[in-house]
Amino acid sequence: MPAALDPISAAAAAFEARLRPFFTKEKWEWHLVAFPMEVDAFKSLVGHKTPALALAFVQAKASGGGRRYQAACGWKLMVIVKNPSRQAAFLGDRAGPGLFPAMMGAVQLLNGATFDGLGTAFCSDVFSTYSEGYDNRDLAMATIDVSMTVQLGDVAGLADAPDFLRLLSAFDGPFGDPDSPIDMRPA
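All values derive from a computational prediction rather than experimental measurement. (Residues numbered from 1 in each chain as written. Predicted model: local features only at pLDDT ≥ 70, side-chain atom pairs only at ≥ 80, totals over all residues. Heavy atoms only, no water.)

## Some words on the sheet that holds strand β7 (residues 139–151)
Definition in use: Two strands pair if DSSP finds at least two bridges between them. Numbering of helices and strands starts at the N terminus; helices are DSSP runs of H or I of at least 4 residues and strands are runs of E of at least 2. Axis geometry follows a simple rule: fit a line to the C-alpha atoms, using only the stretch in contact for helices, then measure angles between N-to-C directions, giving values from 0 to 180 degrees. Residues count as neighbours in contact if any of their non-hydrogen atoms are within 4.5 Å of one another.
Spatially, 5 strands are ordered β1-β2-β3-β7-β6 in an open sheet, and the strand pairing comes out mixed. Across the chains shown, the open sheet's two edge strands, defined by having one partner strand only, are β1 (29–33) and β6 (122–129). For this sheet the average axis-to-axis angle between neighbouring strands, irrespective of direction, equals 20 degrees. Bridging between β1 and strand β2 (residues 52–62) involves 5 bridges; their strand directions are parallel. Each bridged residue has a counterpart across the sheet, and for His31 the counterpart in β2 is Ala54. Where helix α4 (residues 99–110) meets the sheet, its contacts fall on β3 (70–82), β6 and β7, and the angle it forms with β7 comes to roughly 10 degrees.

## So, unusual backbone geometry
Looking along the chain, the bond that leaves Phe35 and enters Pro36 is cis, with omega of 0 degrees. Assignment of secondary structure puts Pro36 in the loop between β1 and α2 (39–47). A cis geometry characterises the amide bond from Thr50 onward to Pro51, with omega recorded as 10 degrees. Counting through the fold element by element, Pro51 comes out in the loop between α2 and β2.

## Looking at the pairing of β2
What counts is decided by this rule: We call a crossover right-handed when, viewed with the strands running away from us, the connection from the first strand over the helix to the second turns clockwise.
Handedness of the crossover joining β1 and β2 through α2 is recorded here as right-handed. Summarising the sheet, β2 and β3 pair through 10 bridges and their orientation is antiparallel. Following the sheet pairing, Ala56 is matched in β3 by Lys76.

## Brief notes about the packing of aromatic side chains
Put simply, the rule is: In this analysis, rings of Phe, Tyr and Trp, with Trp reduced to its six-membered ring, are considered paired at centre separations within 6.5 Å, and the interplanar angle assigns stacked below 30 degrees, edge-to-face beyond 60, and tilted for intermediate values. Buried residues are those whose accessible area, probed at 1.4 Å on protein chains only, stays under 20% of the maximum for their type, while exposed residues exceed 50% and partly exposed ones sit between those limits.
For the coordinates displayed, the defined rule picks out 5 aromatic pairs. Seen from their ring centres, Phe23 and Trp28 are 4.8 Å apart, and the 80 degrees between their planes marks the pair as edge-to-face. Taking relative accessible area as the criterion, Phe23 reaches 6% and is therefore assigned buried. Taking the centre distance of 5.3 Å and the plane angle of 35 degrees together, the rings of Phe90 and Phe100 count as tilted. A residue pair is termed long-range when its members are at least 10 positions apart, and Phe90 in helix α3 (residues 86–91) and Phe100 in helix α4 qualify at 10 residues. Take Phe100: its relative accessible area is 35%, and that puts it in the partly exposed class. Through a chain of ring-to-ring contacts, three or more aromatic side chains come together here, namely Phe15, Phe57, Trp75 and Phe115.

## Points about the environment of His48
Position of His48 among the secondary structure elements: in the loop between α2 and β2. Considering only alpha carbons, one finds His48 and His31, 17 residues apart in sequence, at a separation of 10.0 Å. Among all residues touching His48, those that are not within four sequence positions of it are His31 and Lys82.

Treat this as a map of the structure, not an account of what it does.
Have a look at this one:
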């Protein structure tokens, strides 16, 4: 999907591509997640292989009006590590990466990076964090706030954006018959 049509998906792919040479697939998991997360979603995330990076889209705050939509977008990048040694969970050792060097490495890679067709990313707040209601003494986690101003392309007519049309309605749903009603009530 071109950045002019879906800058949020394009940014997620660009952030991962920027981080991957240093946070390799062989060592680091990558997840797209919702934010905020409820406890079961968090348990599922940290129950996977660690260390991990998880990216959540947080907001698109419109800036101005006009023909093209422009917004300051925000993401949270979560850095998750586990180590049975509390000190090593933060500083790192031979068994695994430390939270502090990993989160600062991610900031160095993303802050000020310019992504073609998107814009320049900026990192602001970095928090050491935890999930209330989840107890795992081996876990250390941080969130990094990343922002970038993006704009949608000037698509004069839907014929100029066939990928966008496909994204909206020309897909095969996972629910069988596309004309059957979907029960949205919890079981």
